[in-house]
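Residues per chain are reported as follows:
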Amino acid sequence: ARKCVLSGLWKNELGSNMTISAVNTDGGFTGLYHTAVTATDKHIRVSPLKGSQKPTNQRKQPTFGFTVSWTFSNSMTVFVGQCFMDDKGKETLKTMWLLREEVSSPGADWKATRVGTNIFTRI
Ligand SMILES: CN1C(=O)N(C)[C@H]2CS[C@@H](CCCCC(=O)O)[C@H]21
């Protein structure tokens, strides 16, 4: 039966897109994340991502996680989610993310993390 493998090109509703490499036998993958918007006033650049997914030889709709280390800001985003496939074979990645900004002191730690949901579909 067909199953969701994360390799390939994805886009989300914020206009970001990501390219995920081949997923290796232990579920590991790398890729690149292109974002259209930023929480900073920095100039946007492509950023690397690293993650893993549950192997699809056991699961058809695997869970996954990945981290984007932004090259243009001091922040970091982690994504967790699951790959779903509808009965027509269309895949969507339903995710939640945490964006952690670098703040100047522990006193500012309370306002350093943003959270959100996000859906990716194949380009
Ligand atoms: C564009 N985005 C996107 O596709 N998301 C799912 C959310 C969570 S990561 C954030 C972009 C953070 C860029 C780096 C920074 O602003 O410090 C936003």
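Placed above this text is the structure.
**Let's talk about the overall build of the chain**
Scanning the chain for helices and strands turns up 0 helices and 8 strands. For the chain, the α and β elements follow one another from N to C terminus as β-β-β-β-β-β-β-β. In summary, the chain has a C-alpha radius of gyration of 15 Å against a globular reference of 14 Å for 123 residues, a match within 12%. When its C-alpha atoms are laid out on the principal axes, the chain stretches across 50 × 25 × 25 Å. In the chain, buried positions account for 34% of the 123 residues. Pairs at least 24 residues apart make up 40% of the contacts formed inside the chain by residues separated by at least 6 positions. Charged side chains of the chain number 16 positive and 9 negative; the gap between the two group centres comes to 5 Å.

**Here's the deal with the site of the ligand**
Residues in close proximity to the ligand total 17 residues, the closest being Ser-16, Tyr-33, Thr-38, Ala-39 and Ser-75. Tyr-33 is positioned such that a nitrogen or oxygen atom in its side chain is 2.7 Å from an oxygen atom of the ligand. Residues belonging to the shell around the ligand are distributed by class as follows: 8 nonpolar, 9 polar and no charged.

**Here we look at the side chain of Thr-56**
If you trace the backbone, Thr-56 turns up in the loop between β4 (47-53) and β5 (63-69). The contacts of Thr-56, once residues within four sequence positions are left out, are Lys-3, Cys-4, Val-5 and Pro-62.

**Quick notes on the pairing of β4**
The side chains of a regular strand alternate, first on one face of the sheet and then on the other. Here β4 shows a buried face lined by Ser-47, Leu-49, Gly-51 and Gln-53 and an unburied face lined by Pro-48, Lys-50 and Ser-52. Where strand β3 (residues 28-34) lies against β4, 6 bridges are found, and the strand directions are antiparallel. Bridge pairing in β4 places Tyr-33 opposite Ser-47. Across 5 bridges, the pairing between β4 and β5 is antiparallel.

**Digging into the environment of Pro-62**
One can find Pro-62 in the loop between β4 and β5. A sequence separation of 18 residues divides Pro-62 from Ile-44, and the C-alpha atoms of the two residues are 31 Å apart. Other than its neighbours up to four places away in sequence, Pro-62 contacts Cys-4, Gln-53, Lys-54, Thr-56, Gly-81, Gln-82 and Cys-83.

Definitions and cut-offs
Residues numbered from 1 in each chain as written. Predicted model: local features only at pLDDT ≥ 70, side-chain atom pairs only at ≥ 80, totals over all residues. Heavy atoms only, no water. Helix = DSSP H or I, 4+ residues; strand = E, 2+ residues; numbered from the N terminus. Rg over C-alpha atoms; globule rule 2.2 N^0.38 Å. Buried < 20%, exposed > 50% of the residue type's maximum accessible area, 1.4 Å probe, protein only. Contact = heavy atoms within 4.5 Å. Lys, Arg positive; Asp, Glu negative; His and termini not counted. Charge placed at Lys NZ, Arg CZ, Asp CG, Glu CD. Near = heavy atom within 4 Å. Polar contact = N/O pair within 3.5 Å; in protein donor to acceptor, adjacent residues only side chain to side chain. Nonpolar A, V, L, I, M, F, W, Y, C, P; charged D, E, K, R; others polar. Pairing = 2+ DSSP bridges.

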